[in-house]
Every structure is written in structure tokens, then in C-alpha cells.
Amino acid sequence: MAEFRRGDVRSILLIKLRAIGDAVLALPSLRALRDGFPRASIAVLAPPAAAGVYRDDPACDALLGYDPRGAPGPAAYLGLVARLRALRPDLAVCLHASYRTALLGFLSGARWRSVRNHSGRDHFCNLPSREPKEPKSAVQRDFDALRALGLSP
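Residues numbered from 1 in each chain as written. Predicted model: local features only at pLDDT ≥ 70, side-chain atom pairs only at ≥ 80, totals over all residues. Heavy atoms only, no water.

With that settled, the discussion passes to the pattern of salt bridges. Under the definition given, this model contains 10 salt bridges. The partner of Asp90 in a salt bridge is Arg10, and the shortest N-O contact between them spans 3.7 Å. Residue Asp90 is found in the loop between helix 3 (74–87) and strand 4 (91–94), and its partner Arg10 is found in the segment before strand 1 (11–15); the two are separated by 80 residues along the sequence. Taking relative accessible area as the criterion, Asp90 reaches 15% and is therefore assigned buried. We classify Arg10 as exposed; its relative accessible area is 59%. Notably, a salt bridge pairs Asp144 with Lys136, separated by 3.0 Å at the nearest N-O pair. Linked through salt bridges whose partners overlap, the residues forming this network are Arg116, Asp122, Lys133, Lys136, Asp144 and Arg147. (Salt bridge = Lys/Arg side-chain N within 4 Å of Asp/Glu carboxyl O. Helix = DSSP H or I, 4+ residues; strand = E, 2+ residues; numbered from the N terminus. Buried < 20%, exposed > 50% of the residue type's maximum accessible area, 1.4 Å probe, protein only.)

Okay, here's the thing in C-alpha cells:
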């Protein structure tokens, strides 16, 4: 696989499948991505309750809803994966990732994936963070995924 170069990234998928408070805490990461990749389009995958946090933020170019409680089953997941792949992201960034979040980043087809799971393995990650997994604020935990991209948020 070719070396990661920020200048090659044209499309980013930011995945944050948490509630509204965590969405607010993810805004510095969204803005750091915008500053670090000024020419890239940034789409955010978020649950409906948190969507309003991102909707009017100028750093967010597209918003995709994800509701794990609505329309469960394989058909719903396949539809979501099709929507993610249609974005054609070069980079998926999974903040405070669970296995499900990391899997969605992988299934998006993104060539590069920065995944940070502070309570377990960074599944499907090919841009690993060198930051230790130690107690820190939610914002700093999210920043670990960005530091793996060469950003200094």
C-alpha cells in the first residue's frame, strides 16, 4: 500500500456514533480535520440525536444519519454501507471507536483508516496512533486519531 500523504486526501468520512454531548466534544476534531485538510470534503456519520450539532458547522460538508435502533437487520446495514461507499472516502476517521464504528470505517472503502478505541484494539486501522492509551479527556482521546494523521490539534 502506498504511503499516506495528506495532500492525496480529497474526501474524509468522520464517524462519531455517540450522543449529543460527545458530538459537541468532537467539534474540535472536526475543525482540526478541516484545518489539516482544507481542500477535502468532510462527511460526518452521526446518530439523529447528534446530527444537529454538525448540521450547521461550516467544517461539515455532508451529514449522514445512523440510527442503530431504526430498521435493524442486514438490509439496513447494507443500505448504510452503500451510502458510505458512494461517498468514496479516501480517509475514514473513527473517534472513540467501537468495533462497530471501526467496521463501518472499513466497509466505507476508505483506503486509509485512523481508528482509536481507548478500551480495546484499534480494529481495521492502518494509520495507528503512537499515543499511549491512558486516562485523558474525551477531546484528547479523539485527538489521538488525528495525531496519527500528522496533525497537531
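Don't stop here, the text continues.
For the rest of this paragraph, the subject is the packing of aromatic side chains. Tallied over the full model, the rule gives 4 aromatic pairs. With 6.4 Å between their ring centres and 50° between their planes, Tyr66 and Tyr77 make a pair best called tilted. Residue Tyr66 is found in the loop between strand 3 (62–65) and helix 3, and its partner Tyr77 is found in helix 3; the two are separated by 11 residues along the sequence. Tyr77 sits in the partly exposed class, given a relative accessible area of 35%. A ring pair is formed by Phe106 and Phe124, whose centres lie 5.0 Å apart and whose planes are at 25°; its orientation type is stacked. With a gap of 18 residues between them, Phe106 in helix 4 (residues 99–107) and Phe124 in the loop between strand 5 (112–115) and helix 5 (138–147) connect regions that are remote in the sequence. A relative accessible area of 38% means that Phe106 is categorised as partly exposed. (Phe/Tyr/Trp six-rings, centres within 6.5 Å; stacked < 30°, edge-to-face > 60°.)

In terms of nonpolar packing, the biggest core is built from 31 residues, with Leu33, Phe37, Leu91, Val93 and Leu149 touching the most fellow members. Broken down by secondary-structure element, the contributors of at least two residues to this core are strand 1, helix 1 (20–36), strand 2 (41–46), helix 2 (48–55), strand 4 and helix 5. Examining the composition of this core, we find that 6 residues originate from one element, helix 1, more than from any other. Judged by nonpolar contacts, the second largest core, of 14 residues, contains Ile15, Leu17, Ala43 and Cys94. (Core = buried A, V, L, I, M, F, W, Y, C linked by side-chain atoms within 4.5 Å.)

Another point: helix 1. With 17 residues, helix 1 extends 24 Å from end C-alpha to end C-alpha; this agrees with the ideal 24 Å at 1.5 Å per step. The largest bend in helix 1 is about 35°, located at Ala26, with the proline Pro28 one to four residues further on. Among the residues making up helix 1, those that are buried are Ala23, Ala26, Leu27, Ser29, Leu30, Ala32, Leu33, Arg34 and Gly36. (Expected span 1.5 Å × (residues − 1). Bend = angle between axes of the 7 residues up to and from the residue.)

As a packed pair, helix 1 and helix 2 sit with axes 9 Å apart at the nearest point and diverge in direction by 35°. Like other packed secondary-structure pairs, helix 1 and helix 2 cross with a definite hand, here right-handed. When helix 1 is examined against helix 2, the residues Ile20, Ala23, Val24, Ala26, Leu27 and Leu30 are found in contact with a partner set consisting of Ala49, Ala50, Val53 and Tyr54. Looking at the contact of helix 1 with helix 2 residue by residue, the class counts come to 10 nonpolar, no polar and no charged. (Axes fitted to C-alpha atoms, helices over the stretch in contact; angles between N-to-C directions. Left-handed = near helix turned anticlockwise from the far one by under 90°. Contact = heavy atoms within 4.5 Å. Nonpolar A, V, L, I, M, F, W, Y, C, P; charged D, E, K, R; others polar.)

In terms of burial, helix 5 is largely enclosed, as 7 of its 10 residues are buried. Those residues of helix 5 not exposed but buried are Ala138, Val139, Asp142, Phe143, Asp144, Ala145 and Leu146. Considering only its buried residues, helix 5 is in contact with helix 1, strand 4 and strand 5.

Now for the pairing of strand 4. Residues Leu91 and Val93 line one face of strand 4 and the alternating positions Ala92 and Cys94 line the opposite face, and both faces are buried. Note that strand 1 and strand 4 share 4 bridges and pair parallel. Note on strand 4: the bridge partner recorded for Leu13 is Ala92. As defined by bridge partners, strand 4 adjoins strand 5 across 4 bridges and the pair is classed as parallel. Pairing of Cys94 across the sheet is with Val115, part of strand 5. Note that the unit made of strand 4, helix 4 and strand 5 has a crossover that is right-handed. (Pairing = 2+ DSSP bridges. Right-handed = clockwise from strand over helix to strand, strands pointing away.)

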